[in-house]
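What the coordinates show
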Amino acid sequence: TDSQADEGGAVYLGGGILNINGGTISDNSAVNGGGIYLNHGTMTVSNGSIQSNAATNNGGGAFVDGGNIIITGGKVSSNTATNNGGGIALNNGNYTMIGGSVIGNTAQNGSGGGIYVTTDTTNVNVNIYSGSISNNQASTSGGAMSVIGPSEGDLELNAQFGVNERHFDSAG
C-alpha cells in the first residue's frame, strides 16, 4: 500500500506466475502498472482486490507485457490510468475472465476504461465467460474494453462472452 515506482507500484514480476488469492493491492502509483507490472508471465486473480492504484501512462491497476491474465474472482476497481487501461492494460497477451469484477476504473485520456488490449502481432485471445465489467470510463473509446490490433495485417480476435440477461418484473 502507498508505494511508487516506474513499473509496478507495488509488484514487479519479470516472468513467472503471480497468484492473488486474497488481500488488497491499493493506493500505489507508477508510470505503467500502478499496482502491478507483469513482464512475460501469468497473473491469476481468484480473490482479493486491486484497487485505487494510478498509472501516469498505462495500466492503472495492472500492466501485463507479453503475458496472460486470468480472473476467476475478486475485483479490479477504482484504478486510474492517464492514458490506456484504467483497470488493466495488456500488451501482446491473453485475457480470460471467469467471474470476478472489473468496476469503476478510468482511462483519463485514452481507451479501455476497464480493460485495454493491444497487440502488434496477429493473435490475441479475449475470453469472457462470466463476471462483471461495469461502470468503467474512457475518454476516447471502449469504456468497458478496447482491443487494438496491428497497424498492418488482420487481427484475429477470439472472443467469447458469457450470457447477459435482463430480467423484467411486471406487476399485474
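So, a few notes on the structure that sits alongside this text. (Residues numbered from 1 in each chain as written. Predicted model: local features only at pLDDT ≥ 70, side-chain atom pairs only at ≥ 80, totals over all residues. Heavy atoms only, no water.)

1. So, the sheet that holds strand E5 (residues 36–39)
The 6 strands lie next to each other as E2-E5-E8-E12-E15-E18, forming an open sheet whose pairing is parallel. The open sheet has two edge strands, strand E2 (11–14) and strand E18 (145–148), and neither has a second partner. Neighbouring strand axes in the sheet, compared pairwise and without regard to direction, differ in orientation by 5 degrees on average. The pairing of strand E8 (residues 62–65) with strand E12 (residues 88–91) spans 4 bridges and is parallel. Within E12, the position partnered with Val64 by the bridge is Leu90. (Pairing = 2+ DSSP bridges. Helix = DSSP H or I, 4+ residues; strand = E, 2+ residues; numbered from the N terminus. Axes fitted to C-alpha atoms, helices over the stretch in contact; angles between N-to-C directions.)

2. Thoughts on the sheet that holds strand E4 (residues 29–32)
On the basis of which strands lie adjacent, the open sheet formed by 6 strands has the order E1-E4-E7-E11-E14-E17 and parallel pairing. Edge strands, defined here as strands with exactly one partner in the open sheet, are strand E1 (4–7) and strand E17 (137–138). Pairing geometry for strand E14 (residues 106–107) and E17, over 2 bridges, is parallel. Across the sheet, residue Thr106 finds its bridge partner in E17, namely Gln137.

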